[in-house]
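Structural features, examined
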Amino acid sequence: MNSRFALIDVNNFYVSCERAFNPKLENQPLVVLSNNDGCAVARSNEVKTLGVKMATPWFQLKDLAKKHHIVALSSNYTLYGDMSDRVMTILRDFSPNVEVYSIDECFLNLNGLNSLWPSATQMGQTMRQRIHQWLGLPVCVGFGASKTLAKLANHIAKKQPVFNGVCDLGLLSSEQIDALLSNIAVREVWGVGSRIGLKLEAAGIKTVQALRNTPTSWLRSKFGVVMERTGNELNGISCLALEEVTPPRKQIISSRSFGQLVYTLPELSESVASYVSSAAEKLRGQQSTCDAIKIFVHTNPFREKDPQYSNSITIPLPNASSDTRLLIRAALFGLERIYQPGFAYKKTGVMLIGISSIVMSQGSLFKEYGADEKSIKLMGVMDQLNRRYGRNTVSVFSAGNQKSWIMRRKIMSPCYTTKWHDVPVAYA
DNA sequence: TCTGGGGTCCTAGGACCC
DNA sequence: TCTGGGGTCCTAGGACCC
């Protein structure tokens, strides 16, 4: 069991959650729709086989749906979040080192677990069995020497039935791996998206195997350090560490498209206020404050014949805060400044920025981090905190004659706006 | 011969992920 | 008619400071 990382991923997560609670949906072609039932954000295998892509607008699917009896459900994120927690809880029994990567995926570090399992494959099969038995969810498991390889192994486990849902790349000979990876498109690699995928293909690098054999120096010069890292990871050189502690969010967005076009300031204000309230809740949930809020509005870019308008404004706050009422006041102040009558609005939202961990007193900092004023120099502790929470998290300021520490990001943005728009027209 | 250099902060834009 | 909602990181370039 040499592979150091495992990636466990629930198949078609939202769809599988719905099926777990309604077995009649088993074997039926099924999609789960986004907000306002706009797009298909999850597809069952039956629907994927029909060639339906992620985020396809539902209205474009209606004919296909009629023909193949596709069932469409509105999304239920509370349910999915709860099921996700249960999956992660089960997986924590397999390793103490878990990184919850997304709602339906997690990485495990397997260092030191060699003696507990005869093979990684057996461990993976046990995970599958347990999650299926306890929650009714299907998962696939990939093992590899790096996170990128574990991801790739998971992809193979999903696509190739011979692996029966568990693939350990560490078990294969290098000839077997070469053959396997020569048949997988380069875009399947974690970190290769559509843009870079196109460029790689244009350079003749079409398969994962070809990417693996590309000198990382070339990757760096063409695409930057991120791709260089991907190249190394594919060759079994682990560059990405397991991130067990979820760092606090650096920005929090709350936005939504309207079901119907919206024209007036009061209607927009109502939505903005409710988005601020949910964003502020998340902010307090991670014990943070923000020192600016950005508000944006959009017309519908798909209605190309309509006059288009998009604008945003950033309102700095006098003091870092997470107070809903204060944030709403700032947001509505900003909204009034970017609102233009005469446009049909499709989307609005807010973004909390300049997020910092909550202000701590010197005493509580010492207490929490075990720092002793005499033994640890100020800079040392600051470095430690900055490493933990990101650059510029900590700064020092003086209040009266007492030196205090404050954990915050220094952002003092001026209030500015960005926009694109056509000439407004009168509307009924 | 000879032009300032080094560092930080900030933004926009582009790429990626689920 | 109807087209998701979140996030992250990197890089280049300008402003500004000493």
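The following refers to the structure shown. Going along each chain's sequence as written, the residues are numbered from 1 onward. As they are written, the chains are lettered A onward and the ligands numbered 1 onward, keeping that order. In keeping with the model being predicted, local features are shown solely for residues with a pLDDT of at least 70 and side-chain atom pairs are shown and tallied solely at 80 or more, while totals for entire chains, interfaces and linings include all residues. Side-chain metrics rest on all non-hydrogen atoms present in the structure, leaving aside hydrogens and water.

Attention shifts here to the overall build of chain A. In DSSP terms, a helix is any run of H or I states spanning at least four residues, a strand is any run of E spanning at least two, and both are numbered starting from the N terminus. The secondary structure content of chain A amounts to 15 helices and 17 strands. Relative accessibility thresholds used throughout: buried, under 20% of the residue-type maximum; exposed, over 50%; partly exposed, between the two (1.4 Å probe, protein chains only). The buried share of chain A, reckoned over its 428 residues, is 44%. Any pair of residues with heavy atoms lying within 4.5 Å of one another is described as a contacting pair. Looking at chain A alone, contacts between residues at least 24 apart form 65% of all its contacts between residues at least 6 apart. Entry remark: accessible area of chain A is about 22,900 Å², with carbon and sulfur atoms responsible for 51%. The Shrake-Rupley method, run with a 1.4 Å probe sphere, supplies the accessible areas, and residue values consider only the shown protein chains as cover.

The next point concerns the protein's contact with DNA strand C. For each residue, the test is whether any non-hydrogen atom lies within 4 Å of the molecule or strand; if one does, the residue is near. In the neighbourhood of DNA strand C, 24 residues make up the surrounding shell, with Ile-253, Ser-255, Arg-256, Ser-257 and Lys-346 lying closest. Expressed as a percentage, the sugar and phosphate content of the atoms of DNA strand C within 4 Å of the protein is 72%. Whenever two N or O atoms come within 3.5 Å, that pair is a polar contact, provided that in protein one can donate a hydrogen and the other can accept it, and provided that, for residues adjacent in sequence, both atoms are side-chain atoms. Contact between DNA strand C and Lys-250: a phosphate oxygen at 3.0 Å from a side-chain N or O atom of the residue. Within the side chain of Arg-256, one N or O atom sits 3.0 Å away from a phosphate oxygen of DNA strand C. Elements represented by at least two residues in the surface near DNA strand C include exactly β3 (39-43), α11 (225-234), β10 (252-262) and β13 (345-353). Classification convention: Asp, Glu, Lys, Arg as charged; Ala, Val, Leu, Ile, Met, Phe, Trp, Tyr, Cys, Pro as nonpolar; all other residues, Gly among them, as polar. Broken down by class, the residue content of the surface near DNA strand C amounts to ten nonpolar, seven polar and seven charged.

Side chains of strand β2 (residues 30-33) alternate between two faces, with Leu-30 and Val-32 and Val-31 and Leu-33 buried alike. Only strands joined by at least two bridges in the DSSP assignment are considered to pair. Pairing geometry for β2 and strand β5 (residues 71-74), over four bridges, is parallel. Across the sheet, the residue bridging to Leu-30 is Val-71, located in β5. Relative to β3, β2 runs antiparallel, the two being bridged by three bridges. Opposite Val-31, over in β3, you have Arg-43 as the bridge partner. Counted along the chain from β2 to the antiparallel partner β3, the turn is five residues long, and its residue Asn-36 has a positive phi close to 60 degrees.

Relative to each other, helix α10 (residues 216-223) and α11 sit at 155 degrees, their axes nearing to 7 Å. With respect to α11, the element α10 is oriented roughly antiparallel. At the point where α10 passes α11, the crossing takes the right-handed sense. Between α10, through Thr-216, Leu-219, Arg-220 and Phe-223, and α11, the contact on the second element is made entirely by Val-225, Met-227, Glu-228, Gly-231 and Asn-232. All axes here are fitted lines through C-alpha atoms, helices being fitted over the stretch that makes contact, and every angle between N-to-C directions spans 0 to 180 degrees. What sets the label is the angle itself: under 35 degrees gives roughly parallel, over 145 gives roughly antiparallel, 65 to 115 gives roughly perpendicular, and the rest give oblique. When the near helix sits turned anticlockwise from the far one by under a right angle, the crossing is termed left-handed; a clockwise turn instead gives a right-handed crossing.

A few words on the state of the cysteines. Whenever a pair of cysteine sulfur atoms sits within 2.5 Å, that pair is classed as a disulfide. Enumeration over the complete set of coordinates arrives at zero disulfides. We note that Cys-106 lacks a disulfide partner, and the nearest cysteine sulfur, in Cys-140, lies 13 Å from it. Exposure remark for Cys-106: the relative accessible area of 0% places this residue in the buried category.

With that settled, the discussion passes to the packing of aromatic side chains. Pairing of aromatic rings covers Phe, Tyr and Trp, the last through its six-membered ring, and needs centres within 6.5 Å; plane angles under 30 degrees mean stacked, over 60 mean edge-to-face, and all others mean tilted. A full pass over the atoms with the stated rule returns 13 aromatic pairs. With a centroid separation of 6.1 Å and 75 degrees between ring planes, the pair formed by Trp-218 and Phe-223 is classed as edge-to-face. Put simply, the rings of Phe-13, Tyr-14, Tyr-77 and Tyr-80 pair up and form one aromatic cluster. Sitting above the plane of the Phe-333 ring, Arg-337 keeps its charged end 3.7 Å from the centroid. Counted as over-ring charges are cases with an Arg CZ or a Lys NZ within 6 Å of the ring centre that also lie within 35 degrees of the ring normal.

Here we take up the sheet that holds strand β9 (residues 166-168). Ordered by their spatial adjacency, five strands build an open sheet running β6-β7-β1-β8-β9, and the pairing between neighbours is mixed. Pairing within the sheet leaves two strands with one partner each, and these edge strands are β6 (98-102) and β9. Strand-to-strand twist in this sheet, taken as the mean axis angle between neighbours without regard to direction, amounts to 15 degrees. Direction of pairing for strand β1 (residues 5-10) relative to strand β8 (residues 139-144): antiparallel, over a ladder of six bridges. Opposite Phe-5, over in β8, you have Gly-144 as the bridge partner.

Interaxial distance between helix α8 (residues 194-202) and α10 falls to 12 Å at its minimum, and their mutual angle equals 125 degrees. By the criterion of interaxial angle, the relationship of α8 to α10 is oblique. Crossing of α8 over α10 shows right-handed handedness. Contacts between α8 and α10 pair Ile-196, Lys-199 and Leu-200 from the former with Trp-218, Leu-219 and Phe-223 from the latter. Along the lines of polarity and charge, the residues of the contact of α8 with α10 split into five nonpolar, no polar and one charged.

Salt-bridge detection follows one rule: a side-chain nitrogen of Lys or Arg within 4 Å of a carboxyl oxygen of Asp or Glu. For the structure on display, the rule yields nine salt bridges. Between Glu-46 and Arg-19 there is a salt bridge whose closest N-O contact spans 3.2 Å. With Glu-46 in helix α2 (residues 45-49) and Arg-19 in helix α1 (residues 13-21), this pair connects stretches of sequence that are 27 residues apart. We note a salt bridge from Arg-212 to Asp-178, for which the minimum N-O separation is 3.6 Å. In this pair, Arg-212 is assigned in helix α9 (residues 208-212) and Asp-178 in helix α7 (residues 174-181), connecting sequence segments 34 residues apart. A residue is classified by how much of its surface remains accessible, and Asp-178, at 32% relative accessible area, is partly exposed.

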